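# Descriptive structure summary
These are the residues of each chain, in order.
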Amino acid sequence: MLRFLDAGESHGKALIAIIEGLPSNFNIDMNYINKELKRRQRGYGRGSRMSLEQDKVEFWSGLRGIKTTGNPITMVIFNRDYENWIDILGNEAEEDKKIKIPRPGHGDMVGYFKYGTGDIRDVIERTSARETAIRTAVGALCKNMLEELGILIRSKVNSIGEFYDEAVNMFEDVNYNLIEQSEVRCYNKETEQIIKREIDICKESGNTIGGSIFISVKGIPIGVGSYTQWDKKLDAALSYAVMSVQGIKAVEFGNGLNCFMRGSDFNDEIAYKDGKITRSSNNSGGIEAGVSNGENIELKAYMKPIPTIRKSIGSVNLKTKENVLNRYERSDVCGVVPASIVIENICAYEILKQILTKFPSDDFNELRKNIYDYRREVYTK
Ligand code: EPS
């Protein structure tokens, strides 16, 4: 089974992941992974940390040259900001320097009570979305493999604040190039300007803003995931992965939020045309009964506004129990743009895991053969 663990503090020396269960004989494209890390760092509404970091991955195990051996893989990303934090993180803080005022909406208060170290700094260091850098690296390696198996994952921003971007087919490269070039990962240029202005307004007023992300997966064969047991369902597994991304509060598949529709309108009609099974629509988002149905998998992830705000709202000094004002610390104004890249890559990890469950293989060549043979055979049964 494919699995990984990651470790590392936001301002610690490095972020690390150990991945187990990846097949051997895959030639990793290092530029591909570093490009994903760069994509994650971009986006209008990012804070000053991103002009300091230049995320690049190092492999410490599991490779011979650029080829996977089947051994556990260790990936490392160094934090450039560590230099500025050595003294703070290297020693226990003096009592008067310990952080006691939690930012509402962040993990500060729950971590303070749960782990009892007496300093919210310990909580911030691990709850920070900095951790998504290493998860993006893990996912990028999986996405690199999936592309070789004919499975593509793309993302765009669906909305920021109350402004929605146009829904377009992201698998048409002309459309996707526009999204990739956009600072807010939108297709429509006018919407882009409106959203950028909205982010500026939030920044000036010491506030933050959330939004939603659209993910589309093409090429996933029918039959991945299972309905035979609750914990084998593909939509459930993907939801878990997406919900684990910092700030995500809801996940929707296909037209899942439009539950007011009648069954006859919601159901995606099946027809046999030109030697192929086709569907009239994709309201199910490519998954029926927890199993991929051969259509594109389509999901939306909804991200709340980043909790760290300059604007004053109420909080409590957890030591003295005084009612005080919110604490501020450097952060981003809008995390929706980088989250779209993180979620693309997180989905890649989960989809590869599910593919390896359906087509268990230790060797990438065996996996590719199995998946292509299956694709050829499945509709001719
Ligand atoms: C982030 C790094 C963090 C934040 C941001 C994402 O760096 P720092 O805390 O040093 O400014 O910019 O984290 C959050 C939004 C958060 O809520 O913690 C990154 O690498 O993506």
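The notes below deal with the structure included here. The written sequence of each chain sets the order in which its residues are numbered from 1. Confidence filtering applies because this is a predicted model: local features only for residues at pLDDT of at least 70, side-chain atom pairs given and counted only at 80 or more, and all residues used for totals across whole chains, interfaces and linings. Computation of side-chain values: all heavy atoms of the structure, hydrogens and water removed.

Helix length check: helix α1 (residues 30–41) (twelve residues) gives 17 Å between terminal C-alpha atoms against 16 Å at 1.5 Å per residue, within 8%. Within the span of α1, buried status applies to Tyr32, Ile33, Asn34, Glu36, Leu37, Arg39, Arg40 and Gln41. Looking at the buried residues of α1, the elements they touch are α2 (49–52), β3 (58–61), β6 (73–78), α6 (132–148), α7 (173–181) and α11 (336–358). Counting of polar contacts relies on pairs of N or O atoms within 3.5 Å, with two restrictions inside protein: one atom must be capable of donating a hydrogen and the other of accepting it, and residues adjacent in sequence are counted only when both atoms are side-chain atoms. Labels follow the DSSP assignment, with helices taken as runs of H or I lasting at least four residues and strands as runs of E lasting at least two, numbered in each case from the N terminus. For α1, the capping residue at the N-terminal end is Asp29, with a side-chain oxygen 3.1 Å from the backbone nitrogen of Asn31. The positive-phi residue at the C-terminal boundary of α1 is Gly43, with phi of around 120°. A helix is expected to span 1.5 Å multiplied by its residue count minus one. Each residue's exposure class comes from its accessible area (1.4 Å probe, protein chains only) as a fraction of the maximum for that residue type: buried when under 20%, exposed when over 50%, partly exposed otherwise. Residue contacts are defined here by distance: any two heavy atoms, one from each residue, within 4.5 Å place the two residues in contact.

Right, let's get into the sheet that holds strand β1 (residues 3–7). One open sheet holds the four strands; their spatial order is β1-β2-β6-β3, and the pairing between them is antiparallel. Each edge of the sheet is formed by a strand with only one pairing partner; in this case those strands are β1 and β3. Strand-to-strand twist of the sheet, defined as the mean angle between neighbouring strand axes without regard to direction, takes the value 20°. Any two strands between which DSSP finds at least two bridges are classified as paired. Pairing of β1 with strand β2 (residues 14–20), which is carried by five bridges, proceeds in the antiparallel orientation. With axes taken as lines fitted to C-alpha atoms, and helix axes fitted only over the stretch in contact, angles between N-to-C directions fall between 0 and 180 degrees.

Moving on, we get to the environment of Ile371. As for its position among the elements, Ile371 is in helix α12 (residues 364–378). Distance from Ile371 to Gly150, taken between C-alpha atoms, is 9.5 Å for residues 221 residues apart in sequence. Excluding residues that lie within four positions of it along the chain, Ile371 makes contacts with Leu149, Ile151, Pro221, Ile355 and Phe359.

Attention now moves to the sheet that holds strand β9 (residues 211–218). Ordered in space as β8-β7-β9-β15-β10, the five strands form an open sheet in which the pairing is antiparallel. At either end of the open sheet lies a strand with only one pairing partner, and these are β8 (163–164) and β10 (248–253). The sheet contact formed by strand β7 (residues 152–160) and β9 spans eight bridges and is antiparallel. Considered in β9, the bridge of Ile160 is made with Gly211. Across the sheet, α11 is in contact with β7, β9, β10 and β15 (297–303); its angle to β7 comes to roughly 145°.

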